[in-house]
Amino acid sequence: MSRQRTLRVWRGDGSSGQFEEYTCDVDEGMVVLDLIHQVQKHHAPDLACRWNCKAGKCGSCSMEINGKPKLSCMTRLSDYEEGAVIQVQPLKTFPIIKDLATDVSWNFRQNERITPFTPPQLPEDGDYRMQQVDVDRVQEFRKCIECFLCQDTCHILRDHEKKEGFVGPRFMIRVAQLEMHPLDTVDRIPATRDEYGSGMCNITRCCTEVCPEHINITDNGIIPMKERVVDRFYDPVTIVLRRVFGWGKRA
Amino acid sequence: MATTGGHVQGFGQTNRTDRWWVGPAATAGGLGAWLLYYAWAAFQGKYWAAGPYISPFYITYTHPTSVTDTSPAYAFWGMWPEWWPALITPALILGFLPGTFRVTCYYYRKAYYRAFFGMPPGCAVGPRPVNYRGETGLLLFQNLHRYTLYLALLLLPILYYEAALSYSWGGELGIGLGSVILTINCFLITGYTLGCHAWRHLIGGRLNCFSCDGISEARHGAWRFTTWLNIRHMRFAWMSLYWFLFTDVFIRLMSMGYLPDINTWNGISWIADFH
């Protein structure tokens, strides 16, 4: 049986805009992205919204639904009270292009700042060898779909606008993924503190809470990187052990 | 004030429509109530022992003039000197040391940054408008969490020692409700301490190769166990915090004569039965 839902959408560009309400027929099992498509079909064909896979794997349809950063393709209408208006807005952290589409290119520039994976010279037989147990940790980080919801909810980028001082949770786990890789040869710890801004994070875990891939960004990525920074720069015992005995240096 | 995307701005302001404030409010209430009780119990310096039980707030024997002057034989540190100021109770010292471990704990940091400092109060909720520097300025000391971990690890055997002594009274082995409560207290604090992020890093997380040699493989096993605890760190943090308080309340009420113990020495026994 078809029912109706009202969607309150932010319409505008980077300089101005306003909320507009649209009411559409909806069916059982529909998600917020379906409702946006209904609005585009019946009321506002010029409504801008980025989307692609509609399966929670491309990370394109990130937006703020009732104030919370979410993937619209993975958010069911039935999650909200029957008859309640659902409000959708663009991501706050990034400049608005139009309506729900934002310019997330700042993230790509952060990625460029990170030294790529640098394995050692190939062994004579031409095969790198590593055990599954050594890559289990980094495989969690590779689940990232780059939806940038974690970047959007991070208060350092979102509210304090310290984009120069912190690369954000998505790139902290990218650095962690490389730093923990058994074959990577680059010393990434100084840059983690000085360039990527690990000290800016105060562990409030919002990035982990919004991650649609359920990556434990804080506990498995950011905190281990902060602890490695402590090893290098703040712990007098490990500093002495490293200088005197070479403890903890990469192979 | 709204931004160009219709987002409201300012401290505590949000477009969220759910009850986001329940979590930080509960945290503030839970931590605040605990701290108030601790301050009261620590300065009071009374009713910290009953029979073979000694409050974890007071895991050392204190002044012999105490209200419940039980045998000092089981006290870890022995008598405190007569000249020691009564206001500085063992609970103040032994609360402060593991207290630093909790203050710098990665879980509690989230809890109190949100609940007490509004940095931010909730996800996608406006933080306090300050020149934010994270943990690079005044909060640089948070990086020494592992040293507070070492202190906490040193105190663990003392807790176990005092719990072990609660299984003996008047030279006779036995078990009482208080012994069970003290033992659970030890287990919960151990679960919290060994689930610590700094411990997880030191025990194996700092390695990039878990399969390189036998020691690394052993450390990987320890790291996996710590990871299991670490996933439940928040749960252990709260359970150990409040069981600690509950243990003190039980011993306090028992020593005041409001609550009996059930044990193998005297059956249902009130504080008078232990003298």
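About the thresholds
Residues numbered from 1 in each chain as written. Chains lettered and ligands numbered in written order. Predicted model: local features only at pLDDT ≥ 70, side-chain atom pairs only at ≥ 80, totals over all residues. Heavy atoms only, no water. Helix = DSSP H or I, 4+ residues; strand = E, 2+ residues; numbered from the N terminus. Buried < 20%, exposed > 50% of the residue type's maximum accessible area, 1.4 Å probe, protein only. Contact = heavy atoms within 4.5 Å. Areas by Shrake-Rupley, 256 points an atom, 1.4 Å probe, with all protein chains shown as cover. Pairing = 2+ DSSP bridges. Axes fitted to C-alpha atoms, helices over the stretch in contact; angles between N-to-C directions. Parallel < 35°, antiparallel > 145°, perpendicular 65-115°, else oblique. Nonpolar A, V, L, I, M, F, W, Y, C, P; charged D, E, K, R; others polar. Phe/Tyr/Trp six-rings, centres within 6.5 Å; stacked < 30°, edge-to-face > 60°. Buried area = accessible area lost by both parts, 1.4 Å probe. Salt bridge = Lys/Arg side-chain N within 4 Å of Asp/Glu carboxyl O. Domains from an automatic or database assignment. Core = buried A, V, L, I, M, F, W, Y, C linked by side-chain atoms within 4.5 Å.

A. Expanded view of the overall build of chain B. Helices and strands together make up the secondary structure of chain B, namely 8 helices and 6 strands. C-alpha extents for chain B along the principal axes are approximately 75 × 55 × 40 Å. Among the 275 residues that make up chain B, the fraction classed as buried is 52%. The contacts of chain B with a sequence gap of at least 6 include a subset with a gap of at least 24, amounting to 64%. Just so you have it, chain B exposes about 12,300 Å², and 71% of that area is on carbon and sulfur atoms.

B. Molecular detail of the pairing of strand β1 (residues 3-12) of chain A. Residues and elements named next belong to chain A. The element β1 is largely enclosed, with a buried count of 7 among its 10 residues. As defined by bridge partners, β1 adjoins strand β2 (residues 17-26) across 10 bridges and the pair is classed as antiparallel. Paired with R11 across the bridge in β2 is Q18. Hairpin connection between β1 and β2: a loop of 4 residues separates the two successive antiparallel strands. The pairing of β1 with strand β5 (residues 86-89) spans 3 bridges and is parallel. The residue of β5 that forms the bridge with V9 is V88.

C. How the structure looks around the packing of helix α1 (residues 22-44) of chain B against helix α2 (residues 90-103) of chain B. Residue and element names in this part refer to chain B. Two numbers describe how α1 lies on α2: the axes approach to 7 Å, and their chain directions differ by 140°. Relative to α2, the element α1 is oriented oblique. Packed against α1, whose contacting residues are Y38, A42 and F43, the element α2 presents A91, L92, G95 and F96 at the interface. Classifying every residue of the contact of α1 with α2 by side-chain character gives 6 nonpolar, 1 polar and no charged.

D. Inspection of the packing of aromatic side chains at higher detail. Residue and element names in this part refer to chain B. Using the criterion set out here, one finds 21 aromatic pairs over all chains in the structure. Between the aromatic rings of F57 and F244, the centroid separation amounts to 5.0 Å while the plane-to-plane angle is 80°, which identifies the pairing as edge-to-face. Residue F57 is located in the loop between β2 (53-54) and α2, and its partner F244 is located in helix α8 (residues 233-255); the two are separated by 187 residues in the primary sequence. F244 matches F57 in its accessibility class, with the two residues each being buried. Between Y108 and Y192, the aromatic rings sit 6.0 Å apart at their centres with planes inclined by 70°, giving edge-to-face as the arrangement. Note that Y108 is positioned in helix α3 (residues 106-115) and Y192 in helix α5 (residues 177-193), a separation of 84 residues in sequence.

E. Region of the structure containing the interface of chain B and chain A. Counting residues at the interface gives 53 residues for chain B, matched by 57 residues for chain A. Contact with chain A buries surface across chain B, with Y106(B), Y132(B) and N208(B) losing the most and accounting together for 17% of the total. Joining chain B to chain A, the criterion identifies 7 salt bridges. The partner of D231(A) in a salt bridge is R206(B), and the shortest N-O contact between them spans 3.2 Å. Broken down by secondary-structure element, the contributors of at least two residues to the side of chain B that touches chain A are α3, α4 (145-165), α6 (197-205) and α7 (214-231) of chain B. With 6 residues, α3(B) is the largest single contributor of residues to the side of chain B that touches chain A. Split into classes, the residues belonging to the side of chain B that touches chain A amount to 21 nonpolar, 21 polar and 11 charged.

F. Broad picture of the domain arrangement of chain A. All names here are of chain A. As assigned here, chain A comprises domain 1 (3-102) and domain 2 (105-245). Here domain 1 and domain 2 have C-alpha centroids that lie 32 Å from each other. At the interface, 14 residues of domain 1 touch 17 residues of domain 2. Each partner contributes to the roughly 1,200 Å² buried at the junction of domain 1 and domain 2, and carbon and sulfur atoms together form 54% of this total.

G. Quick look at the pattern of salt bridges. Residues and elements named next belong to chain A. Per the stated rule, a full pass over the model turns up 28 salt bridges over all chains. Between R205 and D219 there is a salt bridge; the shortest N-O distance is 2.7 Å. Taken together, the residues R205 in the loop between α7 (189-194) and α8 (206-210) and D219 in helix α9 (residues 217-234) connect sequence positions 14 residues apart. Each member of the pair R205 and D219 is classed as buried.

H. Region of the structure containing the pairing of strand β3 (residues 62-65) of chain A. Residues and elements named next belong to chain A. With burial as the criterion, each face of β3 is covered, one bearing S62 and E64 and the other bearing M63 and I65. In this sheet, strand β4 (residues 68-71) lies alongside β3 in antiparallel orientation, the contact comprising 4 bridges. In the sheet register, E64 faces β4, and the bridge partner there is P69. The hairpin formed by β3 and β4 contains 2 residues between the paired strands, and N66 there has a positive phi angle of roughly 50°. Where β3 and β5 come together, 2 bridges link them in antiparallel fashion.

I. Region of interest: the sheet that holds β4(A). Residues and elements named next belong to chain A. The strand order across the open sheet built from 5 strands is β2-β1-β5-β3-β4, with neighbouring strands paired in mixed fashion. Looking along the sheet, the strands with just one partner apiece sit at the ends: β2 and β4. In this sheet, neighbouring strand axes are inclined to one another by 35° on average, regardless of whether the strands run parallel or antiparallel.

J. Looking closely at the environment of F11(B). Its place among the elements puts F11(B) in the segment before α1. Residues in contact with F11(B), not counting those within four places in the same chain, are G118(B), P121(B), G126(B), P127(B), R128(B) and P129(B).

K. Spotlight on the nonpolar core. Residue and element names in this part refer to chain A. The biggest cluster of nonpolar side chains holds 68 residues, and the ones touching the most others in it are L7, I36, V88, F166 and I217. Element by element, the count of residues in this core is highest for helix α6 (residues 169-179), at 6 residues. Built from parts of two domains, this core gets at least three residues from each of domain 1 (3-102) and domain 2 (105-245). Those residues in contact with F166 that sit more than four places away from it in its chain are W106, C154, I156, L157, M172, Y196, G197, M200 and C201.

L. Quick look at unusual backbone geometry. Omega for the bond connecting M119(B) with P120(B) falls within 30 degrees of zero, at -10°, which places this linkage in the cis form. Mapped onto the fold, P120(B) is located in the loop between α3 and α4. Positioned with a positive phi, I203(A) is a non-glycine residue whose angle comes to about 60°. With respect to the helices and strands, the residue I203(A) is situated in the loop between α7 and α8.

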